[in-house]
Amino acid sequence: MDQVGVREGFEELYGAAPEGVWAAPGRVNLIGEYTDFNEGFVMPLALPHTAVAAVSRRSDGVLRLHSADIDGPVVELRVDELVPRSDTGWAAYPAGVVWALREAGHDVGGADIHLASTVPTGAGLSSSAALEVVTALALDDLYGLGLTRPELALLAQRAENDFVGVPCGVMDQTASACCTEGHALHLDCRDLSIRQVPFDLASQGLELLVVDTRVKHALGDGAYAERRAGCEEGARQLGVSHLRDVAYEELDAALARLSDERVRRYVRHVVSDDHRVDRVIALLDAGDVRAIGPVLTDGHASLRDDLRISCAELDLTVSTANAAGALGARMTGGGFGGSAVVLVESTDVDSVTKAVMEAFAAAGFTAPRVFPAVPSAGARRLS
Ligand code: ADP
Ligand code: MG
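Everything numeric here is computed off the predicted structure, so don't read it as measured data.

Visitor: For this particular structure, what's the right way to read the pattern of salt bridges?
Guide: Opposite charge on two side chains lets them pair, provided their charged atoms get close. On inspection of all chains with the given rule, the structure shows 24 salt bridges. One salt bridge connects Asp-285 with Arg-195, and the closest N-O pair in it is separated by 2.7 Å. Linking Asp-285 in helix H8 (residues 261-285) with Arg-195 in strand S8 (residues 194-198), this pair joins segments that are 90 residues apart in sequence. Residue classification places Asp-285 among the partly exposed positions, given a relative accessible area of 46%. Overall, the relative accessible area of 35% leaves Arg-195 in the partly exposed class.

Okay, structure coming up:
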């Protein structure tokens, strides 16, 4: 649904025009996976797909929430009675943002919110962060809070961690809040410093495809927490606060000090993926965009073999795309389903897409959704 549709939906629901309309995008991560909570590096870009929210303030402390994408009534809550993990379903994402803002001492009262999103849910493209960030930006604007984008991202992350109850890192919200058109975002997850890295694929005759395998990932099943705990154990055994502090040049020596085979694999993934972010940055800075392809494919092997978070559909996407002439490919996001990114020559988009569709059909998998990841703008006010 577009901006006009969301505005009209708001008026129909709440009987007046909204004070404004805001948008926040989903994202794909180009490189740097499971590195964010290790205080390492990531490199996401915003998608053209966005969550759009029409919002007005209310003076009575009531929070009314509605999504055009959910078949259900308006959810009505009171801002001074929001309880973390109270199982409010999808409404927990925007309600959690109100809660996090108020917990941080910001004077946020009630609001009417109507939203709609074109970010596929559960596809590893961060529909949840888009929802949180669009809510945070709208309330920041309307209540005149003056928060910076990184501050909004942190509060949105707090909403997801502590209110919804999902232990995600800060990458998704930062990408949605801070990305800019035509760029990938180099984010240092330790100090949250960011750098916009030009990522103009079209002028190079390239495209980055997203292949949504349609396999729903579920981070809540314990695998994410298990990897996270394993990384923390690795850091503890190596005597560093986070795996970010293990230099790539010292990786072999560090691995030799770890007795647990599983922890060793996790450490190898995280330290090598931080290094792959560095390599991608250096290649992009040198204008050698095609050369990042093999780095992406190396990253996939690491996620598959060391972190062990891939699945048959993601592996098939990567192997098929590369065999059909892609420059490189990797799964992206939390794993166990969701999406892959594939770097291709623009002239090869059709043949690579066809090869992937045919391989899925031959394997008896649900047909994937394939679309270009055009590096798009971060969260913004539309009207
Ligand atoms: P991802 O962020 O990878 O898409 P998550 O499981 O983190 O997957 O978030 C998906 C959840 O976010 C959905 O189950 C739903 O609760 C909420 N959500 C996302 N988009 C919408 C929407 N348009 N309307 C209502 N809820 C949504
Ligand atoms: Mg999410």
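Visitor: What exactly am I supposed to notice about the side chain of His-300 here?
Guide: With respect to the helices and strands, His-300 occurs in helix H9 (residues 292-307). By relative accessible area, His-300 is classed as buried at 1%. For His-300, the residues in contact, after removing those within four places along its chain, are Ser-310, Leu-314, Asp-315, Val-318, Ala-329, Arg-330 and Met-331.

Visitor: For this particular structure, what's the right way to read unusual backbone geometry?
Guide: The phi torsion of most residues other than glycine is negative, and most of the peptide bonds are trans. Positive phi, close to 55°, is recorded for Arg-85, a residue that is not glycine. Along the polypeptide, Arg-85 turns up in the loop between strand S5 (75-78) and helix H2 (92-103). A relative accessible area of 57% means that Arg-85 is categorised as exposed. In this structure, Ser-126 is a non-glycine residue whose phi angle is positive, near 65°. Inspection of the secondary structure assignment puts Ser-126 in the loop between strand S6 (110-117) and helix H3 (127-142).

Visitor: When you look at the site of ligand 1 in this model, what are you seeing that I'm missing?
Guide: If you check the shell around ligand 1, you find 17 residues, and the closest are Ser-67, Asp-69, Gly-122, Ser-127 and Ser-128. The backbone of Gly-122 places a nitrogen or oxygen atom 2.8 Å from an oxygen atom of ligand 1. In this structure, Gly-124 approaches ligand 1 through a main-chain N or O atom, which is 3.4 Å from an oxygen atom. Considering ligand 1 on its own, with 560 Å² of exposed area, one finds that the protein chains cover 81% of that surface. Mapping ligand 1 onto the cavity grids shows that it belongs to the largest pocket. Where the shell around ligand 1 is concerned, the elements lending two or more residues are S6 and H3. Broken down by element, the residue count for the shell around ligand 1 peaks at three residues, all from H3. Its residues placed into classes, the shell around ligand 1 shows seven nonpolar, nine polar and one charged.

Visitor: Can you walk me through the packing of H8 against H9 in this structure?
Guide: The description of two helices packed together rests on the angle between their axes and the distance between the axes. The geometry of H8 relative to H9 is characterised by a closest axis approach of 10 Å and an angle of 170° between their N-to-C directions. Comparing the axis directions of H8 and H9 gives the class roughly antiparallel. Across the interface between the two elements, Arg-265, Tyr-266, Arg-268, His-269, Ser-272, Asp-273, Arg-276, Arg-279, Val-280, Leu-283 and Leu-284 from H8 touch Ile-292, Val-295, Asp-298, Gly-299, Ser-302, Leu-303, Asp-305, Asp-306 and Leu-307 from H9. The class makeup of the residues in the contact of H8 with H9 is eight nonpolar, four polar and eight charged.

Each value, and the rule that gives it
Residues numbered from 1 in each chain as written. Chains lettered and ligands numbered in written order. Predicted model: local features only at pLDDT ≥ 70, side-chain atom pairs only at ≥ 80, totals over all residues. Heavy atoms only, no water. Salt bridge = Lys/Arg side-chain N within 4 Å of Asp/Glu carboxyl O. Helix = DSSP H or I, 4+ residues; strand = E, 2+ residues; numbered from the N terminus. Buried < 20%, exposed > 50% of the residue type's maximum accessible area, 1.4 Å probe, protein only. Contact = heavy atoms within 4.5 Å. Near = heavy atom within 4 Å. Polar contact = N/O pair within 3.5 Å; in protein donor to acceptor, adjacent residues only side chain to side chain. Areas by Shrake-Rupley, 256 points an atom, 1.4 Å probe, with all protein chains shown as cover. 1 Å grid on protein atoms, 1.4 Å probe; cavity = no way out; pocket = protein on both sides within 12 Å on 5 of 7 lines; lining within 4 Å. Sits in = over half its atoms within 2 Å of the grid points. Nonpolar A, V, L, I, M, F, W, Y, C, P; charged D, E, K, R; others polar. Axes fitted to C-alpha atoms, helices over the stretch in contact; angles between N-to-C directions. Parallel < 35°, antiparallel > 145°, perpendicular 65-115°, else oblique.

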